[in-house]
Amino acid sequence: MAIYISQSAAKEIERIRASRQQPDSLVRLQVKTGGCSGLFYVLKLENPQTKSLSAPASEERIYEVGAISFIVDARSDAYLQDLKLDYSEDLMGGGFRFQNSLAIENCDCGLSFTVE
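This is a predicted model, so every value here is computed, not measured.

## A few points about the layout of surface pockets
Argument step 1. Space inside the largest pocket adds up to approximately 200 Å³.
Argument step 2. For the largest pocket, the full set of lining residues is I13, I16, R20, V27, Y41, V42, L43, K44, L45, F96, F98 and L111.
Argument step 3. Of all the elements in the fold, those that place two or more residues in the lining of the largest pocket are α1 (7–19), β3 (38–46) and β7 (93–99).
Argument step 4. Counting residues per element, the lining of the largest pocket draws most heavily on β3, at five residues.
Argument step 5. A breakdown of the residues in the lining of the largest pocket according to their chemical character gives 10 nonpolar, no polar and two charged.

Quick look at the structure:
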């Protein structure tokens, strides 16, 4: 599996880290059940010293993408093959955009998806 991140998404993550005074934080990327299409993405910052593990460390992977480290649990990892993460702003505000090669359907919200 690989995670690809656009320059705008990387800048937004860095901006969020700085605004929360967590410049060294890790980014937890999860897929959870729910949302409009059955599955949805969750992104959250975690302090590397006090990160809360949702799974034993042996069941998690860390993906280094430039200066950003993503923590992905084994269950979520199965849904994130070649994920592309972008960030864009429009008249309604800004948000992260996910392009997932495994998704067969995406909700208009951009966070929810369906796989086969």
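There is more to say, and it comes next.
## Remarks on the confidence of the model for the protein
Argument step 1. Across the protein, pLDDT averages 87, with 91% of residues at or above 70.
Argument step 2. The secondary-structure element of the protein with the lowest mean pLDDT is strand β8 (residues 103–106), recorded at 84, while α1 shows the highest, at 96.

## A few points about the side chain of S25
Argument step 1. Mapped onto the secondary structure, S25 falls in the loop between α1 and β2 (26–34).
Argument step 2. At 2.9 Å, the side chain of S25 forms a polar contact with the backbone oxygen of Q22.
Argument step 3. The contacts of S25, once residues within four sequence positions are left out, are R17, L45, E46 and P48.

## Topic: the sheet that holds strand β4 (residues 60–65)
Hydrogen bonding along the main chain pairs the strands of a sheet, whether they run parallel or antiparallel.
Argument step 1. Pairing within the open sheet is mixed, and its six strands lie in the order β4-β5-β2-β3-β9-β8. Of all the strands in the sheet, the pair left with one neighbour each is β4 and β8. On average, adjacent strands in this sheet sit at an angle of 35 degrees to one another, irrespective of strand direction.
Argument step 2. Sheet topology note: the β8/strand β9 (residues 112–115) ladder contains three bridges and is antiparallel. Following the sheet pairing, N106 is matched in β9 by F113.

Criteria and thresholds
- Residues numbered from 1 in each chain as written.
- Predicted model: local features only at pLDDT ≥ 70, side-chain atom pairs only at ≥ 80, totals over all residues.
- Heavy atoms only, no water.
- 1 Å grid on protein atoms, 1.4 Å probe; cavity = no way out; pocket = protein on both sides within 12 Å on 5 of 7 lines; lining within 4 Å.
- Points joined across faces, edges and corners; volume = space filled by probe spheres on them.
- Helix = DSSP H or I, 4+ residues; strand = E, 2+ residues; numbered from the N terminus.
- Nonpolar A, V, L, I, M, F, W, Y, C, P; charged D, E, K, R; others polar.
- pLDDT = per-residue confidence, 0-100.
- Polar contact = N/O pair within 3.5 Å; in protein donor to acceptor, adjacent residues only side chain to side chain.
- Contact = heavy atoms within 4.5 Å.
- Pairing = 2+ DSSP bridges.
- Axes fitted to C-alpha atoms, helices over the stretch in contact; angles between N-to-C directions.

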